[in-house]
Amino acid sequence: MVKSLPRADVLLALMGTPHLSDMVTSAIRLAQALLERGATVHIWTCGHATGLTKQSLGEHKPRNIVSWSQDYPTSATLAKDLLDAFPDRLTWYSCRFCTQERGTEPHIPQITVRPPFKFDEHLEAADKTLFLGVF
C-alpha cells in the first residue's frame, strides 16, 4: 500500500549551500512564523542543505571567541526545537541521494530521508512552494 504525504500549506525547499547566505535563518524564521499562524509546513533539504540536520552537529556551536559566554544552537538544534514545538504541523525531509553523496548521515531522528524522485509528491502535497538557495 502506498502511503501518501500529508497535505501542507507551504513547502520550503532548501536547495543551496546553507552558509553562503541568510537562507537558513530566513527559512527557520519563515517556517516558525507560518507555524505560529496555524499553517502546515513541509521542509525539504537538498544538496549541501542536507547537512543542516546532521546528528553530529550536536546541540551547540563551538564557542565564539568574541562572545565567549554566549551559547549558540546548531541548525540541527533549531530544527529539532521547531519539530518538537509543532509535531503535527511540521515535517522535515532530506534528499537521500544528497544525504549520502555529502556524508550527512545520520540525521537527527525527526528527519525523514526520501529518494529524490519523490520530490514531485511533495510539490503535489503543498498548496504553495518556495525554493530557497537557488540562484
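Because the structure is a prediction, the values reported are computed rather than measured.

What follows deals with the overall build of the protein. In terms of regular secondary structure, the protein is built from four helices and five strands. The helix and strand sequence of the protein, counted from the amino end, reads β-α-β-α-β-α-β-α-β. Since a compact globule built from 135 residues should have a radius of gyration of about 14 Å, the 15 Å found for the protein is in line with a globular shape. Considered along the principal axes of its C-alpha atoms, the protein spans approximately 50 × 35 × 30 Å. Taking all 135 residues of the protein together, 40% fall into the buried category. About 8,000 Å² of surface is accessible on the protein, with carbon and sulfur atoms providing 54% of the total. Here the protein holds 14 positive side-chain charges and 14 negative ones, and the gap between their average locations is 1 Å.

Here the focus is helix α1 (residues 23–36). With 14 residues, α1 ought to run about 20 Å at 1.5 Å a step, and its terminal C-alpha atoms sit 20 Å apart, in line with that. Within α1 the residues assigned to the buried category are Met23, Val24, Ala27, Ile28, Ala31 and Leu35. Projected onto a plane normal to the axis of α1, the buried residues spread over an arc of 125° and lie on a single side. Residues of α1 that are exposed and point over 90 degrees away from its buried face: Arg29 and Glu36.

What the largest pocket holds in volume is close to 320 Å³. Around the largest pocket sit 19 residues that line it, and His19, Val24, Leu52, Lys61 and Ser75 are the ones nearest its centre. Of all the secondary-structure elements, those providing two or more residues to the lining of the largest pocket are α1 and α2 (75–85).

What follows deals with the pattern of salt bridges. Counted by the stated rule, this structure contains four salt bridges. Asp127 serves as the salt-bridge partner of Arg7, at 2.7 Å between the closest nitrogen and oxygen. One end of the pair, Arg7, is in the segment before β1 (8–14); the other, Asp127, is in strand β5 (residues 126–132), and 120 residues separate them in sequence. Note that Lys118 and Glu121 form a salt bridge whose closest N and O atoms lie 3.4 Å from each other. Each of Arg114, Lys118 and Glu121 takes part in one network of salt bridges that share partners.

About the cut-offs
- Residues numbered from 1 in each chain as written.
- Predicted model: local features only at pLDDT ≥ 70, side-chain atom pairs only at ≥ 80, totals over all residues.
- Heavy atoms only, no water.
- Helix = DSSP H or I, 4+ residues; strand = E, 2+ residues; numbered from the N terminus.
- Rg over C-alpha atoms; globule rule 2.2 N^0.38 Å.
- Buried < 20%, exposed > 50% of the residue type's maximum accessible area, 1.4 Å probe, protein only.
- Areas by Shrake-Rupley, 256 points an atom, 1.4 Å probe, with all protein chains shown as cover.
- Lys, Arg positive; Asp, Glu negative; His and termini not counted.
- Charge placed at Lys NZ, Arg CZ, Asp CG, Glu CD.
- Expected span 1.5 Å × (residues − 1).
- Arc of directions from axis to C-beta.
- 1 Å grid on protein atoms, 1.4 Å probe; cavity = no way out; pocket = protein on both sides within 12 Å on 5 of 7 lines; lining within 4 Å.
- Points joined across faces, edges and corners; volume = space filled by probe spheres on them.
- Salt bridge = Lys/Arg side-chain N within 4 Å of Asp/Glu carboxyl O.

By themselves, these figures tell us nothing about what the structure is for.
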